[in-house]
Amino acid sequence: MAFNLTRRKFLQSASLAAVALPLSKAIASETSVKRSALEAVGSFADETVVGGVCEMCFWRCQLVGKKRGDRLVKLEGNPKSIDNGTSICARGNAGVQLLYDPDRLKYPLKNVGERGDPKWKRISWEEALDECGAKLKEIKDKYGPQGLSMFPHGSTAKYPMHFMERTVGTHNVSEASFFQCRGIRDTAYIATIGKAPGEFVDMPNAKVILLLGGHFGENVHVSHIKRYIKGLQNGAKLIVVDPRYSASAAKSDVWVQIKPGTDTAFLLAIMNYLISNDKYDKDFIEEYGDGFEEFKKGIADWSLEKAAKECDIPAAQIKEVAELLASNAPNVSIHPGRHVSWYGNDFQRQRSLACLTGVLGAFYVKGGWVPAKNPKVGKVSWAKHDHGDEHNLNMNEEEEMLYPFTPPGTSTELIRDAALTGKPYPIKGCVIWGQNPIQTIPGQQKMKDVLKQMDFVMCVDVMPTDATMWADILLPEVSYLERYDYIKTGTQWDFADKQQQYISARMPLAAPMFERKDQVFITNEIAKRMGYEKDIPVQTVEEMVEKNLKVAGLSLAQLKKEDGIHIQDGKDPYTMPEDFEVLFYNEDIEDAGFPGVPTYIGVEQPPKGFARLLYGRVPVHTFNRTQNNVWLNKAMPDNPVWLNDETAAQIGLKDGDIVGFVNQDGIESRTTTTLKTTPGIRKDSVYMAHGYGSANPLMSVGINAGVDDQSLISKITIDPETGAHGMRNNFVKLIKDGKTLDIPATA
Ligand code: SF4
């Protein structure tokens, strides 16, 4: 199986029109907003508007909006939805507070102060677009397209990203969702089964669910959580592998409190045990396996005892997990995970998860890994100009790929290194669209230095963030509740006997206020000013969505008639494709200089006096994006740090203490948070939720709330096959009342 990955293939495999409100009326409506957490509670609606698709996180639940006059007062799940149904999560409910957040960006702004310490001047759209177009063109003309970089995130960043990549011609685009989140998962599965796995595990029909680091309940994606809960209700046994007693661990039948970074050793020992004891699916492997003998030989020294020592867990527990999986195979959900950029040895771990699914014969079976078969919709693309691979930072002089299994785009670290050294060429322009690279990417100071040396930085966002402080020009975007946007398709098969597919498009539930604009308008206007007018694929975002829908025989008018969601018959999800195979041993990986059989690579352990910093999600926030939301801030105003209770007692700390941090590089947290002492975390680790501790003074609610975990992740680890970041290889001590406290050594 050749490894030939395009962005399109990667993404494929991964996976009420509002009447325009006159500006004066819109301003009157917005200025009447009071900052009360109770404001919308108890309100009644006189109209329901359909076609909303949530973006408080990126799961995209289907919504309806309840309106009173012009004002959106409540969001609910769309009753027609066969995905999230009428359910939405706390963040989804709090979308109305984002819509009317008085801190939202309202007008184009020009920074007349310093990057990082801005002074904002309101300017017209004409002036802002003229300056963005002229500056980006000047950099492109002087340094070539490769002199421009982009850090995009979210659905509105797709259209401008394709413009930058395909038409302008820079490779230097780095998506956080690939290089700091799930890219490794997808390329590891593509290298094993030829497809990115998504989160397509048939949990409602599973007899066992295995979560490796997955903390459902803290990480909430509504339809996924429903499938998980349904599986548990149907009697599935739950195995959770996590150094911490997470919400999922609390529901588990087996909690494996593994030593961080050793998960691959755990998985190899399970697979070796199953193979050695004849408890694997021989028929499946005979028919669909490739390289099984090399694989079997390659993992043969992973005894239960060896893994137990490495993982710091009992050998009997590894055996218990293996037996539980074997006795319930093939109806087992081996979850591929989502955020998997952990230790810089992650590609091998993700390959191991895919191989374990194969060893158990759990592909395309009830309860196993079953990919959605979604309906086809159209695509809108910018004209592709041929720019060759000459300036691809991932290619060395011999035209070999530095990171052969990289996700689409370019490794963030390659872009940052080139920008800072000017080698092999300068990178002097930066577009940040919906991403917050200051609080997403390890090495916060490095990111600031990268932005400092740019000739021009442009940011587009809905809210102020720590990244928008670094813009020269800051453009306000309409929110997901005020715009049309890409199509959402999906499949449902596991809640009913019939298989169904759906097609929906994001449609506005409220009219845009102030001077906010959408992605198509902003990108097209800049493209015109850069000389690319003839390459513009659509004139408006509505036209883009109509083109997408046309391929499916639909239109926006039709979709509105169908309450925002078109439902049609689906396909049998369990039918195995004819060419399906599992590469237990992958020769291409070996030819590229990496282990062709999944291999455990140990990671650095905490230095004396330090604990490993682990981080994760909470159900009421989506990282930093929701920190300024007044409802969500009330629900969880800071990110308490978990410390083992015995460790806390040893160093004189107690639950509720206010603490700060210093990391292995001497970097101190700017803010403090509360201490949560618990037996539910290993003594060699501390844990906190990601995304807190914003520094932007324009965020009147979120500023300085909790601690910015990213500021403490200064040591950079790179996954060698993919070029993605490993983000859990940093270590901290706690600070209380100005005193730094050593973490006692564990055995
Ligand atoms: S899971 Fe919650 S925040 Fe995410 S899309 Fe659904 S309702 Fe919105």
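Bear in mind the structure is a predicted one, so any value in this text is a computation, not a measurement. (Residues numbered from 1 in each chain as written. Predicted model: local features only at pLDDT ≥ 70, side-chain atom pairs only at ≥ 80, totals over all residues. Heavy atoms only, no water.)

*Asks:* Lay out the packing of helix H5 (residues 125-143) against helix H17 (residues 519-530) in plain terms, naming residues and giving numbers.
*Replies:* If you want to describe how two helices pack, look at the angle between their axes and the distance between the axes. The contact between H5 and H17 brings their axes to 8 Å, and the two run at 55°. In terms of orientation, H5 lies oblique with respect to H17. For H5 against H17, the interelement crossing comes out right-handed. Note on element contacts: H17 touches H5 through Phe521, Ile522, Glu525, Ile526, Arg529 and Met530, opposite Trp125, Glu126, Leu129, Asp130, Cys132, Gly133, Leu136 and Lys137. (Axes fitted to C-alpha atoms, helices over the stretch in contact; angles between N-to-C directions. Helix = DSSP H or I, 4+ residues; strand = E, 2+ residues; numbered from the N terminus. Parallel < 35°, antiparallel > 145°, perpendicular 65-115°, else oblique. Left-handed = near helix turned anticlockwise from the far one by under 90°. Contact = heavy atoms within 4.5 Å.)

*Asks:* Describe a negative patch on the surface, with residues and values.
*Replies:* On the surface, Asp290, Glu293, Glu294, Glu587, Glu590 and Asp591 cluster together to form a negatively charged patch. Listed by contribution, the elements that provide at least two residues to the negative patch are helix H11 (292-298) and helix H20 (587-591). Residue contributions to the negative patch peak at three residues, all from H20. Here glutamate 587 shows up in helix H20. Taking relative accessible area as the criterion, glutamate 587 reaches 49% and is therefore assigned partly exposed. (Patch = residues over 30% accessible without salt bridge, like charges linked within 9 Å, V, L, I, M, F, W, Y side chains within 5 Å. Areas by Shrake-Rupley, 256 points an atom, 1.4 Å probe, with all protein chains shown as cover. Salt bridge = Lys/Arg side-chain N within 4 Å of Asp/Glu carboxyl O. Lys, Arg positive; Asp, Glu negative; His and termini not counted. Charge placed at Lys NZ, Arg CZ, Asp CG, Glu CD. Buried < 20%, exposed > 50% of the residue type's maximum accessible area, 1.4 Å probe, protein only.)

*Asks:* Pulling in residues and values, what's your account of the nonpolar core?
*Replies:* The biggest cluster of nonpolar side chains holds 106 residues, and the ones touching the most others in it are Ile239, Phe266, Phe295, Leu325 and Leu356. Per-element tally for this core: the top contributor is helix H9 (residues 263-276), with 10 residues. Leave out the neighbours within four places in its chain, and isoleucine 239 touches Val208, Ile209, Leu210, Leu211, Val254, Val256, Val321, Leu324 and Leu325. Formed by 46 residues, the second largest nonpolar core is a distinct cluster that contains Leu136, Ile139, Phe456 and Met530. (Core = buried A, V, L, I, M, F, W, Y, C linked by side-chain atoms within 4.5 Å.)

*Asks:* How would you summarise helix H12 (residues 304-311) if you had to cite specific residues and measurements?
*Replies:* Inspection of H12 places Leu304, Ala307, Ala308 and Cys311 among the buried residues, and these make up the whole buried set. Summarising the axial view, the buried residues of H12 lie within an arc of 105°, below the 170-degree limit, and thus occupy one face. Across from the buried face of H12, at angles greater than 90 degrees, the exposed residues are Glu305 and Lys309. Contacts made by the buried residues of H12 are with H9 and helix H13 (315-328). (Arc of directions from axis to C-beta.)

*Asks:* Which residues make up the domain arrangement of the protein, and what are the values?
*Replies:* Per the domain assignment, the segments making up the protein are domain 1 (16-93 + 480-515 + 538-569), domain 2 (182-371) and domain 3 (611-741). Tallying the contact residues gives 12 residues for domain 1 and 13 residues for domain 3. Carbon and sulfur atoms make up 59% of the area that domain 1 and domain 3 hide from each other, which totals about 1,000 Å². Run the count over domain 1 and domain 3 and you get zero salt bridges. (Domains from an automatic or database assignment. Buried area = accessible area lost by both parts, 1.4 Å probe.)

*Asks:* Summarise the sheet that holds strand E6 (residues 148-152); cite the residues concerned and give the values.
*Replies:* The six strands are arranged E5-E4-E14-E13-E12-E6 in an open sheet whose pairing can be described as mixed. Two strands bound the open sheet, and with one partner strand each, they are strand E5 (120-122) and E6. Ignoring strand direction, the axes of neighbouring strands in this sheet form an average angle of 20°. In the sheet, strand E4 (residues 109-111) pairs with strand E14 (residues 473-476) via two bridges, with the strands oriented antiparallel. Paired with leucine 109 across the strands is leucine 474, a residue of E14. (Pairing = 2+ DSSP bridges.)

*Asks:* Outline the side chain of asparagine 729, supporting the account with residue identities and numerical values.
*Replies:* As for its placement among the helices and strands, asparagine 729 is situated in the loop between strand E25 (725-726) and strand E26 (731-736). Classification of asparagine 729 by relative accessible area gives buried; the value is 3%. A polar contact of 3.2 Å, which involves the side chain of asparagine 729, links it to the side chain of threonine 717. (Polar contact = N/O pair within 3.5 Å; in protein donor to acceptor, adjacent residues only side chain to side chain.)

*Asks:* Lay out the pairing of strand E20 (residues 641-644) in plain terms, naming residues and giving numbers.
*Replies:* The side-chain alternation of E20 yields two buried faces, one formed by Val641 and Leu643 and the other by Trp642 and Asn644. Taken together, the four bridges between E20 and strand E22 (residues 673-678) define a ladder with parallel strand orientation. In the sheet register, tryptophan 642 faces E22, and the bridge partner there is lysine 676.

*Asks:* Residue-level account of the state of the cysteines, with values.
*Replies:* Applying the stated criterion across every chain yields a total of zero disulfides. Free of any disulfide, cysteine 311 has its nearest neighbouring cysteine sulfur in cysteine 355, separated by 17 Å. Its relative accessible area of 0% is what places cysteine 311 among the buried residues. Lacking any disulfide linkage, cysteine 430 is separated from the closest cysteine sulfur, that of cysteine 459, by 7.3 Å. Residue class for cysteine 430 comes out buried when judged on its relative accessible area of 0%. (Disulfide = S-S within 2.5 Å.)

*Asks:* Describe the environment of glycine 344, and please don't skip the residues or the numbers.
*Replies:* Summarising the element assignment, glycine 344 is placed in the loop between strand E11 (332-334) and helix H14 (346-359). Those residues within four positions of glycine 344 in sequence are excluded, and the remaining contacts are Thr717, Ile718, Asp719, Pro720, Gly726 and Asn729.

*Asks:* Break down the sheet that holds strand E9 (residues 254-256) for me, with residues and values.
*Replies:* What the four strands build is an open sheet, ordered E9-E8-E7-E11; its pairing is parallel. Both edges of this open sheet fall to E9 and E11, since each of them pairs with a single strand only. Across this sheet, the average inter-strand angle for adjacent strands is 10°, counted without regard to direction. Where strand E8 (residues 237-241) lies against E9, three bridges are found, and the strand directions are parallel. Bridge pairing in E9 links isoleucine 239 to valine 254. In this fold H13 packs onto strand E7 (208-212), E8, E9 and E11, with an angle of close to 135° to the strand it touches most, E9.

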